[in-house]
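The residues making up each chain are set out below.
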Amino acid sequence: MDTKTMRLTITVCLLISSLIAWGQHPYPPEKAKWNADSLGNQRAVLRVDGGDKLVKASIAWRNRQVKANQGLIIVDSTNNQLVKPIVYGPMSEEGGDFAFEATSGSGIYYVYYLPYQLGGRSRYYPDAIYLSQPPDDQAWAKIKTNNEAKFLRFESVDEFNRNDPMELIATKAEIQAYLKKYTNENYFIFPELYTHPIKMRSHVPKKWMETNPVAALKGETERGCYYAFQLGIWSAKTDLKNVTVRFSSLESEMGTTLPAEAFDCINTEGTSYKGKPFSATVNVPLSKVQALWCGVHIPEDIKPGTYQGFVYVRPANAPEKRVALSLKVGPTVARNKGIDEPWKMTRLPWLNSTLAQENTVIKPYIPLVVSGDTAISLLGRKLILDRTGFPKQLISYFTPEMTSVGKTSTSLLTEPIHFHVKRKVDGKDIAFKTQGLSFKEKQAGIVSWESHHVSNELRMEVQGSLEFDGFVSYTVGLIARKNITLQDIAMHIPYKPEMASYMMGLGMKGGYRPEQVVWKWDVTKKNQDGAWIGNVNAGMQFSLRDENYTRPLNTNFYLQKPLLLPKSWGNNDKGGIDISMKGPSALVNNYSGKRTMRAGDTLYYNFTLLLTPFHPLNTEAQWNERYFHAYKPVDTVKQSGANVINIHHGNALNPYINYPFIATKAMKAYIDSAHRVGLKVKIYNTVREVSNRMYELYPFRSLGHEVFSPGPGKGYSWLQEHLHDDYIAAWFVPFYKDAAIINSGMNRWHNYYVEGMNWLVDRIGIDGIYLDDVAFDRVTMKRIKRVMTKNGHPGLIDLHSANQYNERDGFNNSANLYLEHFPYINRLWFGEYFDYENNKPDFFLTEVSGIPFGLMGEMLQDGGNPWRGMIYGMTNRLPYQKSGPQALWKAWDDFGIKGSRMIGYWVETNPVKTSSPQVLATVYKKEKKAMIALASWENKNVLVDLVINWESLGIDPAKALIRAPQIDGFQPMRIFKIGDKIPVNQNQGWLLIIE
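Going by what an unreviewed UniProt entry lists, the protein chain is known as Glycoside hydrolase domain-containing protein and is assigned to Olivibacter jilunii.

In this section: the overall build of the protein chain. Regarding its fold elements, the protein chain presents 16 helices and 63 strands. In terms of overall size, the protein chain behaves like a compact globule, its C-alpha atoms giving a radius of gyration of 33 Å where 995 residues would be expected to give roughly 30 Å. Principal-axis analysis of the C-alpha atoms gives the protein chain an extent of 105 × 75 × 65 Å. Buried residues in the protein chain amount to 60% of all 995 residues. For the protein chain, the distance from the average site of its 115 positive side-chain charges to the average site of its 98 negative ones is 1 Å.

A separate point is the UniProt feature "domain: Glycoside hydrolase 123-like N-terminal" (unreviewed entry) in the protein chain. Summarizing the sequence annotation, UniProt attributes the feature "domain: Glycoside hydrolase 123-like N-terminal" (unreviewed entry) to residues 33-995 in the numbering used throughout. The span residues 33-995 is 12% helical and 36% strand by assignment, and the distance between its end C-alpha atoms comes to 67 Å.

We now examine the sheet that holds strand β61 (residues 974-976). Within the open sheet, the six strands sit side by side as β54-β56-β57-β63-β60-β61. Their pairing is antiparallel. Each of the sheet's edge strands pairs with one partner strand only, and the pair in question is β54 (901-903) and β61. Here the average twist between neighbouring strands, direction ignored, is 25°. Relative to strand β63 (residues 989-994), strand β60 (residues 962-964) runs antiparallel, the two sharing two bridges. Paired with Ile962 across the strands is Ile994, a residue of β63.

Attention shifts here to the side chain of His615. Inspection of the secondary structure puts His615 in the loop between β43 (606-612) and α5 (619-624). Judged by relative accessible area, His615 falls into the buried class, the value being 9%. Within the structure, the side chain of His615 is placed 3.2 Å from the backbone oxygen of Gly854, a separation counted as a polar contact. Aside from chain neighbours lying at most four places away, what touches His615 is Pro364, Tyr365, Leu379, Phe398, Met402, Phe822, Pro823, Phe853, Gly854 and Leu855.

For the rest of this paragraph, the subject is the sheet that holds strand β48 (residues 729-733). Spatial ordering of the open sheet is given by β47-β49-β48, a layout of three strands whose pairing is antiparallel. Here the strands that pair on one side only, and so sit at the sheet edges, are β47 (689-691) and β48. Averaged over all pairs of adjacent strands, the angle between their axes in this sheet comes to 25°, without regard to strand direction.

On average, the protein chain scores 95 in pLDDT, and the residues at 70 or more come to 98%. Taken as a whole, residues 1-20 scores under 50 in pLDDT and shows 36 contacts with residues more than four places along the chain or in a different chain.

So, about helix α13 (residues 841-849). Most of α13 sits inside the fold, with nine of its nine residues counted as buried. Regarding α13, the residues found buried are Pro841, Asp842, Phe843, Phe844, Leu845, Thr846, Glu847, Val848 and Ser849. In the segment just after α13, Gly850 is the residue with positive phi, at about 80°.

Right, let's get into unusual backbone geometry. Cis peptide bonds are those with omega within 30 degrees of zero, and the linkage from Lys363 to Pro364 qualifies with 10°. Relative to the helices and strands, Pro364 resides in the loop between β22 (321-333) and β23 (369-371). Backbone torsion omega between Leu878 and Pro879 reads -10°, so that peptide bond is classified as cis. The topology assignment puts Pro879 in the loop between α14 (866-870) and α15 (886-895). The phi torsion at Lys337 lies on the positive side, around 60°, for a residue other than glycine. Counting through the fold element by element, Lys337 comes out in the loop between β22 and β23.

With that out of the way, let us pick up the pairing of strand β13 (residues 226-234). With nine of nine residues buried, β13 is to be regarded as a mostly interior element. Alternating residues of β13 divide into Tyr226, Ala228, Gln230, Gly232 and Trp234 and Tyr227, Phe229, Leu231 and Ile233, and every residue in both groups is buried. Of the pairings in the sheet, the one linking strand β11 (residues 188-193) to β13 comprises six bridges and is antiparallel in character. What sits directly across from Ile189, in β13, is Ile233. Relative to strand β20 (residues 289-297), β13 runs antiparallel, the two being bridged by nine bridges. Each residue of the ladder has a partner; that of Tyr226, found in β20, is His297.

The subject of this paragraph is the packing of aromatic side chains. Taken as a whole, this structure holds 70 aromatic pairs when the rule is applied. Seen in terms of ring centroids, Tyr684 and Tyr770 are 5.5 Å apart; in terms of plane orientation they differ by 55°. Their pairing is tilted. With a gap of 86 residues between them, Tyr684 in strand β46 (residues 680-684) and Tyr770 in strand β50 (residues 768-772) connect regions that are remote in the sequence. Of the two residues examined, Tyr684 and Tyr770, each falls in the buried class. Aromatic ring contacts, followed pair by pair, group Trp343, Trp350, Tyr659, Phe661, Tyr695, Phe700, Trp749, Tyr752 and Trp759 into a single cluster. Here Arg43 stacks its cationic end above the ring of Tyr110, 3.8 Å away from the centre of that ring.

Let's shift gears to the pattern of salt bridges. Opposite charge on two side chains lets them pair, provided their charged atoms get close. For the structure on display, the rule yields 43 salt bridges. A salt bridge links Arg748 to Glu706; the shortest N-O distance between them is 2.7 Å. Of this pair, Arg748 sits in the loop between β49 (738-742) and α10 (749-764) while Glu706 sits in the loop between α8 (697-701) and α9 (717-722), and the two are 42 residues apart along the sequence. When salt bridges with common partners are traced through the structure, they connect Lys682, Asp798, Arg827, Glu858 and Arg877 into a single cluster.

This part is about the packing of helix α7 (residues 664-676) against α10. Closest axis-to-axis distance for the α7/α10 pair is 10 Å, and the angle between their directions is 60°. Here α10 runs oblique to α7, going by the angle between their axes. Only Trp759, Arg763 and Ile764 of α10 make contact with α7, whose side of the interface consists of Thr664, Met667, Lys668 and Ile671. Of the residues belonging to the contact of α7 with α10, the class tally is four nonpolar, one polar and two charged.

Before going further, it helps to spend a moment on the environment of Ala652. For Ala652, the location among the structural elements is in the loop between β45 (644-647) and α7. Put simply, Ala652 and Val361 are 291 residues apart on the chain and 37 Å apart in space, counted from C-alpha to C-alpha. Once you skip the residues sitting within four places of it in the chain, Ala652 turns out to touch Tyr27, Tyr631, Ala663 and Tyr736.

Turning our eyes to something else, we now look at the packing of α10 against helix α11 (residues 778-789). Where α10 meets α11, the closest approach of the two axes is 9 Å, and the angle between their N-to-C directions is 15°. Looking at the two axes, α10 sits roughly parallel to α11. Here α10 runs over α11; the crossing is right-handed. Together, His750, Asn751, Tyr753, Val754, Met757, Asn758 and Val761 of α10 and Thr780, Arg783, Ile784, Val787 and Met788 of α11 make up the contact between the two elements. Split into classes, the residues belonging to the contact of α10 with α11 amount to seven nonpolar, four polar and one charged.

Our next topic: α7. With 13 residues, α7 extends 18 Å from end C-alpha to end C-alpha; this agrees with the ideal 18 Å at 1.5 Å per step. Restricting attention to buried positions, one finds in α7 the residues Thr664, Met667, Tyr670, Ile671 and Ala674. Down the axis of α7, the smallest arc covering the buried residues is 125°, so these residues share one side. Along α7, exposed side chains directed more than 90 degrees from the buried face belong to Lys665 and Arg676. Residues of α7 that are buried make contact with α6 (634-640), β45, β46 and α10. Where α7 ends, the next residue or the one after it, Gly678, has phi of about 85°, a positive value.

Turning our eyes to something else, we now look at the pairing of strand β52 (residues 827-830). Side chains Arg827 and Trp829 project from β52 onto one buried face, and the interleaved Leu828 and Phe830 project onto a second face that is buried too. One ladder, built from four bridges, connects strand β51 (residues 796-801) with β52; its direction is parallel. Bridge assignment links His800 to a residue of β52, and that residue is Trp829. Judged from the two bridges that link them, β52 and strand β53 (residues 857-858) form a sheet pairing that is parallel. Its bridge partner lying in β53, Leu828 is registered against Gly857. In this fold, the crossover linking β52 to β53 by way of α13 has right-handed handedness.

What counts and how
Residues numbered from 1 in each chain as written. Predicted model: local features only at pLDDT ≥ 70, side-chain atom pairs only at ≥ 80, totals over all residues. Heavy atoms only, no water. Helix = DSSP H or I, 4+ residues; strand = E, 2+ residues; numbered from the N terminus. Rg over C-alpha atoms; globule rule 2.2 N^0.38 Å. Buried < 20%, exposed > 50% of the residue type's maximum accessible area, 1.4 Å probe, protein only. Lys, Arg positive; Asp, Glu negative; His and termini not counted. Charge placed at Lys NZ, Arg CZ, Asp CG, Glu CD. UniProt positions renumbered as here; feature names shortened; annotations may be inferred. Pairing = 2+ DSSP bridges. Axes fitted to C-alpha atoms, helices over the stretch in contact; angles between N-to-C directions. Polar contact = N/O pair within 3.5 Å; in protein donor to acceptor, adjacent residues only side chain to side chain. Contact = heavy atoms within 4.5 Å. pLDDT = per-residue confidence, 0-100. Phe/Tyr/Trp six-rings, centres within 6.5 Å; stacked < 30°, edge-to-face > 60°. Lys NZ or Arg CZ within 6 Å of the ring centre and 35° of its normal. Salt bridge = Lys/Arg side-chain N within 4 Å of Asp/Glu carboxyl O. Parallel < 35°, antiparallel > 145°, perpendicular 65-115°, else oblique. Nonpolar A, V, L, I, M, F, W, Y, C, P; charged D, E, K, R; others polar. Left-handed = near helix turned anticlockwise from the far one by under 90°. Expected span 1.5 Å × (residues − 1). Arc of directions from axis to C-beta. Right-handed = clockwise from strand over helix to strand, strands pointing away.

The structure is reproduced here in structure tokens:
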């Protein structure tokens with residue numbers, strides 16, 4: 001048979017067998033027909049009929065993943081043995097020719113035409129490495145046989161890996177014939193139903209070459225839902241610039257109208273994650289395919305009927321074209337607006353949601369109060385503004401214990417935060433004339449202000465705002481009134497030295513602030529633009545930015561999308577930050593170096609501040625909420641003593657990472673059963689990467705790099721075969737073959753995420769979420785906290801982070817990186833690669849415990865150090881480590897830790913200290929008794945004395961008894977007399993009861 005004819009026949013057969021719509025994913029997932037990780041996901045089934053055992057075959061797979069050097073694996077179905085040798089002829093993405101020895105003669109032979117082996121850095125970050133074998137033209141020319149294998153069908157390892165008609169490429173000959181037939185058309189529109197997502201950008205589907213250039217689209221829908229459809233734009237002959245879409249109204253045969261305003265196109269317009277409307281420019285490069293995802297909101301009360309109208313597509317550099325649209329609206333009303341059926345693309349409007357954008361105050365915070373002309377009060381803190389608009393003073397009212405807000409004030413600064421702008425010609429500061437401070441808005445959730453400064457050479461425009469959680473944002477525009485060369489533009493933050501004991505950021509691990517810090521910008525390698533400096537009950541984080549700031553990637557992927565160097569602060573790497581003692585201040589000098597500005601130039605020296613702590617410690621929640629971090633039967637969890645279940649991803653309830661919308665029936669049944677016995681259930685769901693099982697994958701891919709980050713591709717086989725290129729492969733779960741790709745930072749996916757959280761609360765009943773690192777900012781965090789705590793819902797959020805202080809993550813600190821989220825977090829779990837044995841107490845306090853920010857946490861790596869953990873109120877997490885916290889929980893309950901007052905070792909008036917500065921004590925005080933946590937950082941076993949202020953402790957030493965209760969895996973039972981020396985082993989400690 002002629003090879004071209006054979007390939008055509010094969011393709012027609014394949015098209016007929018593949019007309020299956022994109023629909024609901026089967027769950028549990030379909031079992032694989034064979035081991036794809038050794039044979040590949042695709043195979044052709046051939047039949048050999050008698051004759052010569054040397055057989056030729058020609059297969060038109062029409063698969064863009066196949067390369068010219070593609071290797072094959074052929075299996076004889078009779079004995080399940082590999083067939084060798086294979087002689088390769090021409091191979092391409094269109095098809096391939098080859099010959100093989102039919103070892104069993106007549107029979108069925110399987111040709112696996114995309115076989116691969118798994119490589120990559122780990123089983124969770126695999127790369128599919130495809131078998132390659134260069135063609136041998138000389139060997140192929142010598143093949144002499146009349147026996148040609150007959151093609152029967154294509155098969156995939158499962159339905160999810162199947163190549164549907166939208167992935168079967170047209171041949172070059174077919175494309176040339178089509179263009180010749182329609183020679184006057186320089187671009188084409190191919191409308192498609194949502195059931196057949198457009199998947200290829202650099203290839204044209206075969207099915208399009210069998211249609212007219214502009215065909216009508218006919219669809220059917222229920223009432224009261226969103227109906228989505230696509231327009232496939234193929235720029236066959238020219239680049240298309242600024243493609244726009246408009247809609248006519250649709251009218252029914254009865255005269256009822258679907259208004260044009262009910263339509264939208266997510267590619268050309270939308271609402272940002274900050275709630276701001278925007279228009280997007282769509283360009284289609286030559287010979288590329290662009291899917292435009294459009295849709296219409298069908299009213300519930302519209303009359304059934306067939307509605308007809310037009311969609312118009314107009315590139316700026318090509319004629320407008322129209323597509324006829326006919327939509328049959330049935331009599332039934334969609335349940336819950338169709339949202340419960342995401343495979344119908346009914347959730348695409350979530351992309352433009354403004355849910356929970358209003359800046360209402362979230363508990364436990366209180367409304368902002370402006371007093372006088374300059375003071376703004378918030379929970380536990382006060383910001384006093386200078387007439388320049390910059391902070392004059394930051395005041396904290398949190399007690400040193402961090403368990404309450406007191407009346408004693410603690411101020412942070414020695415003088416106002418201020419700028420120095422120095423001329424080059426004389427090295428002197430430019431004197432600005434300040435035109436006063438004025439408030440722009442005074443709301444419960446936000447207060448904003450502005451000030452204006454003028455000199456002969458420059459104008460400085462300052463706009464600032466403070467939100468209810470302690471986030472301060474400044475936009476500082478410096479405008480040149482004439483040409484000028486400047487020696488430096490710098491901002492000084494003058495901390496009181498006694499209030500700047502600790503620091504993290506700028507390449508420094510959390511701990512005591514060094515006497516001097518010298519830091520330079522290096523955004524290609526370092527995710528660093530500021531630091532936190534302060535004490536336990538008063539501090540401040542600062543971050544330097546400009547008008548082009550965008551959040552970088554993090555958690556293994558910083559280097560692939562790093563920070564942008566601020567044009568102002570960075571100044572082509574001339575800028576930096578020095579921290580040292582200057583006069584009475586621990587001065588942070590944020591400088592930018594020499595530069596020339598021309599008249600009219602504007603530089604933005606923007607910066608943000610976070611005033612810490614955010615709220616008092618909620619010690620009662622720490623003692624009451626006991627976590628079980630695994631999917632286990634409810635009875636098992638109940639018996640363990642835990643009462644909050646974290647359902648991770650990669651299990652039967654939450655199989656696919658960051659897309660918890662597949663096994664929803666099972667998830668709801670489990671949560672309902674947990675609630676019946678008094679347990680809460682939280683699920684893993686964050687923004688960083690998302691599963692390839694998401695229904696909206698192709699609509700969101702059509703948005704270019706808005707939702708998904710650009711990258712080199714690769715990764716697991718499904719990604720390579722169905723996304724092909726331009727993505728970053730992320731986490732992979734082998735059991736579920738769940739292959740994720742990386743999100744691209746700040747974008748409309750966050751709107752979808754907020755709506756998804758709202759749906760999970762309302763429809764599934766989740767009590768909170770487990771965040772495994774995050775790639776969104778505080779805007780989205782506030783929104784999800786609002787939807788999760790509405791109507792008195794618990795809305796528990798705990799944040800886990802692997803230590804970000806490494807090369808892949810740009811040497812940031814997890815706590816510093818995520819500090820803007822801390823106001824809305826209930827608990828920390830830091831985390832993999834945190835060293836609990838070799839770091840000092842100041843590191844524990846600042847980077848792990850959360851205490852200086854009003855949070856408490858738990859330990860992860862190797863189960864943590866339970867003795868050191870207890871002086872911060874931390875344990876490890878059940879059942880993640882071999883030795884769980886149950887024994888400590890029992891000790892807590894036996895003592896009655898609930899209702900106790902925690903007095904940490906960092907509190908100067910702590911009533912219990914030891915004779916060694918390396919053995920620290922934290923007190924949990926109750927009426928006439930106390931529990932004392934001791935932890936050692938000595939490099940050997942030591943004996944220490946307890947130094948006790950009995951009056952402060954409220955216990956009569958004459959009647960006191962000191963005992964160490966038996967705690968399995970922690971300490972033996974022991975009685976101590978008053979005045980006894982306490983033996984403390986290296987890296988360990990005690991939990992003592994005094995009563």
